[in-house]
Amino acid sequence: MKILALDSSGLVASVAVVENETLLAEYTVNYKKTHSQTLLPMLDEISNMTELDLSTIDAIAVSGGPGSFTGLRIGSATAKGLGLALDKPLISIPTTAAIAYNIWDTDKFVCPIMDARRNQVYAGLYCYTNHHLDTIWEQDALSIEALAEGLNCLDHEVIFLGDGVAVYREKLETLLTIPFSFAPAHVNRQRAAAVGALAEVYYKEGKIQTAEEHEPEYLRKSQAERERAERESVKHADAVKKQENGEKSE
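Read on for an overview of the structure.

Parameters and conventions
Residues numbered from 1 in each chain as written. Predicted model: local features only at pLDDT ≥ 70, side-chain atom pairs only at ≥ 80, totals over all residues. Heavy atoms only, no water. Helix = DSSP H or I, 4+ residues; strand = E, 2+ residues; numbered from the N terminus. Buried < 20%, exposed > 50% of the residue type's maximum accessible area, 1.4 Å probe, protein only. Contact = heavy atoms within 4.5 Å. Areas by Shrake-Rupley, 256 points an atom, 1.4 Å probe, with all protein chains shown as cover. Pairing = 2+ DSSP bridges. Polar contact = N/O pair within 3.5 Å; in protein donor to acceptor, adjacent residues only side chain to side chain. Axes fitted to C-alpha atoms, helices over the stretch in contact; angles between N-to-C directions. Left-handed = near helix turned anticlockwise from the far one by under 90°. Nonpolar A, V, L, I, M, F, W, Y, C, P; charged D, E, K, R; others polar. Arc of directions from axis to C-beta.

Quick look at the overall build of the chain
- Looking only at helices and strands, one finds 7 helices and 10 strands in the chain.
- Looking at the 250 residues of the chain, the share that counts as buried comes to 46%.
- A separation threshold of at least 6 residues defines the contact pool for the chain, and within that pool the share at least 24 residues apart is 67%.
- Accessible surface, the chain: about 13,000 Å² in total, of which carbon and sulfur atoms supply 49%.

Encoded structure:
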């Protein structure tokens, strides 16, 4: 089984090829460039270096969200385009599950946190049972206070990783009453290798979809959508107020 994996859900852009539980190649960049500039050139470089014939892959795995709205759209569009062109299935991997898969077979809970802005994080909670990654909490958008309160109630040691650590580390250190630690740099961000490795598990479990079926999981509305909804709400309130004033003046 050969899987091409993509992750552009955050600042990191990452492409990997995983075959039969072996990482053949990975290209990961965490730098100030847009994923539209980096993702396809990285794929071309990996294909050239490994003499990869894309027609030989069995599936395309992509980090399916949550994450950066623009990044998810670019990753999704790239995966869908490749899936349609190559007639290959897609495997959508939850972003936090893929990040958690960087930490293997620990007896601690693994809690990826991604900065979601507006004083929130995207977070999920995972553990390993018989060498299998299990979900304790499905990924969701929540405040760091709510996350810490929930973790304190579980009374179990936790490893944190993800770009939200840099933003909320001090708050976590203040709020948490349980033992905790932070993952080191080489495993604390998105990696396509983890997406591809977890995709092998998903593939065997039949968790695949067509390119047409795939859609990113944003978990909440984009800033533009929120602002549009707020404008519509204000317009509606003004219209109601005008209508009420008109009725009273008759």
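We are not done yet, so read on.
A closer look at the pairing of strand S2 (residues 13–19)
- For S2, the tally of buried residues reaches 6 of 7 residues, placing the bulk of the element in the interior.
- The pairing of strand S1 (residues 2–7) with S2 spans 6 bridges and is antiparallel. Along S2, the bridge assignment pairs Leu4 with Val17.
- Hairpin geometry of S1 and S2 is characterised by an intervening segment of 5 residues between the two adjacent antiparallel strands.
- Relative to strand S3 (residues 22–29), S2 runs antiparallel, the two being bridged by 7 bridges.

Examining the side chain of Gln139
- Within the secondary structure, Gln139 sits in strand S8 (residues 132–143).
- A distance of 2.9 Å separates a polar side-chain atom of Gln139 from the backbone oxygen of Gly65.
- A distance of 2.8 Å separates the side chain of Gln139 from the side chain of Thr96, its partner in a polar contact.
- Setting aside anything within four residues of it in sequence, one finds Gln139 in contact with Gly65, Pro66, Pro94, Thr95, Thr96, Ala123, Gly124, Tyr126, Glu217 and Leu219.

What to know about the sheet that holds S3
- Pairing in this open sheet of 5 strands is mixed, and the strands run S3-S2-S1-S4-S5 from one edge to the other. Both edges of this open sheet fall to S3 and strand S5 (90–94), since each of them pairs with a single strand only. Mean inter-strand twist for the sheet, computed between neighbouring axes without regard to direction, equals 20°.
- Two elements, strand S4 (residues 59–65) and S5, share 5 bridges in a ladder whose sense is parallel. Along S5, the bridge assignment pairs Val62 with Ser92.
- Contacts from helix H1 (residues 35–50) reach S1, S2 and S3, with the element oriented near 30° to S2.
- Across the face of the sheet, helix H2 (residues 69–86) comes into contact with S1, S4 and S5 while running at roughly 160° to S4.

Observations concerning the packing of H1 against H2
- Running from N to C, H1 and H2 cross one another at 35°; their axes reach a closest spacing of 10 Å. For the pair H1 and H2, the crossing hand works out as right-handed. Residue-level inspection shows His35, Ser36, Leu39, Leu40 and Leu43 of H1 in contact with H2, the latter providing Gly71, Ile74, Gly75, Thr78 and Leu82.
- Considered class by class, the residues forming the contact of H1 with H2 number 5 nonpolar, 5 polar and no charged.

Let's talk about helix H4 (residues 144–154)
- For H4, the full list of buried residues reads Ile144, Leu147, Ala148, Gly150 and Leu151. Taken down its axis, H4 places every buried residue within 165° of arc, on the same side. Turned more than 90 degrees away from the buried face of H4, the exposed residues are Glu149 and Cys153.
- Looking at the buried side of H4, the elements it contacts are strand S6 (109–117), strand S7 (120–129), S8, strand S9 (158–161) and helix H5 (164–175).
- Downstream of H4 by a residue or two, Asp155 has a phi angle that is positive, lying close to 55°.

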